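Chain by chain, the residues run as shown.
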Amino acid sequence: MTTPDTPAPEARAAKRKRVPLVIVNTGHGKGKTTAALGTLMRAVAHGFKVIMLQFIKTTEDPRFGVYGEIQSARKLGFEILPLGDGFTWDTNDPERDRQTARHAWEICKDKLQSPEYDIVALDEITYAFTFGWLTTAEVIEAIQNRPPHMHVILTGRDAPPEIIEIADLVTEMREVKHPFTTRRVVAQIGIEF
């Protein structure tokens with residue numbers, strides 16, 4: 001409720017200056033991508049143009065079909081681009097994985113330079129550092145040279161210290177208990193994908 005002395009909500013919002021943030025969701029607990037998706041969903045409701053670029057996930061997993069977050073994003077009117085070949089810790093072709101990550105990074109750099117987006121989320125990008133596909137220096141440079149209004153979200157385990165250093169907000173998800181490790185419950189529709 002506003003009074004004659006209190007500005008209307010629209011006027012208060014117009015006075016707020018957007019301060020672009022670098023947000024990192026890291027750690028070995030579940031919820032890093034989910035937290036990023038929650039931020040994107042909230043931003044879309046306020047008219048922001050957002051995109052999530054996924055380093056590991058493919059367009060469609062033969063075991064599960066189209067991932068739930070991609071289906072939801074389509075319904076909400078924002079884009080998720082899966083740019084990977086699936087999880088690669090048991091890969092038979094590390095060179096192909098490197099090339100896939102380099103191609104994904106070129107797409108990410110284009111999105112990070114585009115004034116079209118208000119938030120760009122780089123999902124599971126930390127794996128690209130862990131496996132040596134990307135350097136932190138090149139990613140930091142792209143983030144620092146983004147349009148001045150853009151927020152960036154990075155997700156994944158083991159965020160390097162250099163990424164944590166440039167971030168404005170870092171949240172570490174810590175696993176306390178997980179159904180796979182305690183009861184061998186595998187990933188389920190609607191929970192993990």
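These remarks concern the structure in this document. For clarity, every value in this text was computed on a predicted model and none was experimentally measured.

### Points about the overall build of the protein chain
- For the protein chain, the count of helices and strands is eight helices and six strands.
- Helices and strands appear in the protein chain in the N-to-C order α-β-α-β-α-β-α-β-α-α-β-α-β-α.
- In the protein chain, which comprises 193 residues, the share counted as buried stands at 43%.
- For the protein chain, long-range pairs separated by at least 24 residues make up 77% of all intrachain contacts whose partners lie at least 6 apart in sequence.

### Things to note about the side chain of Asp118
- Summarising the element assignment, Asp118 is placed in the loop between helix H4 (94-113) and strand S4 (119-123).
- The exposure class of Asp118 is buried, given its relative accessible area of 14%.
- Among the polar contacts listed, one links the side chain of Asp118 to the side chain of Arg18, at a separation of 2.9 Å.
- Filtering out sequence-adjacent residues up to four positions away, Asp118 remains in contact with Arg18, Gly47, Phe48, Lys49, His149, Met150 and His151.

### As for unusual backbone geometry
- Even without being glycine, Glu124 reaches a positive phi, approximately 60°.
- Here Glu124 shows up in the loop between S4 and helix H5 (126-130).
- Phi is positive for Asp158, close to 55°, though the residue is something other than glycine.
- Along the chain, Asp158 turns up in the loop between strand S5 (151-155) and helix H7 (161-166).
- Overall, the relative accessible area of 46% leaves Asp158 in the partly exposed class.

### Things to note about the pattern of salt bridges
- Evaluation of the coordinates by the stated rule reveals six salt bridges.
- With a closest N to O distance of 2.9 Å, Arg18 and Asp118 form a salt bridge. Placement of the pair is Arg18 in the loop between helix H1 (9-15) and strand S1 (22-26) and Asp118 in the loop between H4 and S4, with a sequence separation of 100 residues.
- Residue Arg102 is joined to Glu138 by a salt bridge in which the shortest nitrogen-to-oxygen separation is 2.8 Å. Residue Arg102 is located in helix H4, and its partner Glu138 is located in helix H6 (residues 136-144); the two are separated by 36 residues in the primary sequence.

### Observations regarding the environment of Arg146
- If you trace the backbone, Arg146 turns up in the loop between H6 and S5.
- As for Arg146 and Lys109, which are separated by 37 residues in sequence, their C-alpha atoms are 9.0 Å apart.
- The residues contacting Arg146, other than those within four sequence positions of it, are Pro20, Leu21, Val22, Leu112, Gln113 and Val152.
- A distance of 2.8 Å separates the side chain of Arg146 from the backbone oxygen of Ile143, its partner in a polar contact.

### As for the sheet that holds strand S6 (residues 169-172)
- Spatially, the six strands line up as an open sheet ordered S3-S2-S4-S5-S1-S6, and their pairing is parallel. In this open sheet, the two edge strands, each paired with only one partner strand, are strand S3 (79-82) and S6. This sheet shows a mean twist of 15° between the axes of neighbouring strands, independent of strand direction.
- Pairing of S1 with S5 involves four bridges; the strand directions are parallel.

Each value, and the rule that gives it
Within each chain, residue numbers correspond to sequence positions counted from 1 in written order. Totals for whole chains, interfaces and linings use all residues, but because this is a predicted model, local features are given only for residues with pLDDT of at least 70 and pairs of side-chain atoms are given and counted only at 80 or more. Note: side-chain values were computed over all heavy atoms of the structure, leaving out hydrogens and water. Starting at the N terminus, helices and strands are each numbered in turn, a helix being any DSSP run of H or I of at least four residues and a strand any DSSP run of E of at least two. Partly exposed residues are those whose accessible area sits between 20% and 50% of the maximum for their type, while under 20% is buried and over 50% is exposed, using a 1.4 Å probe and protein chains only. Two residues qualify as a contact provided that any one of their heavy atoms is within 4.5 Å of a heavy atom in the partner residue. We call two N or O atoms a polar contact when they sit within 3.5 Å, provided that within protein one can donate a hydrogen and the other can accept it, with sequence-adjacent residues counted only if both atoms are side-chain atoms. One side-chain nitrogen of Lys or Arg within 4 Å of one carboxyl oxygen of Asp or Glu is enough to make a salt bridge. Note on pairing: two strands pair once DSSP finds at least 2 bridges between them. All axes are obtained by fitting lines to C-alpha atoms, using only the stretch in contact for helices, and the reported angles, taken between N-to-C directions, cover 0 to 180 degrees.

These values are about where atoms sit, not about what they do.
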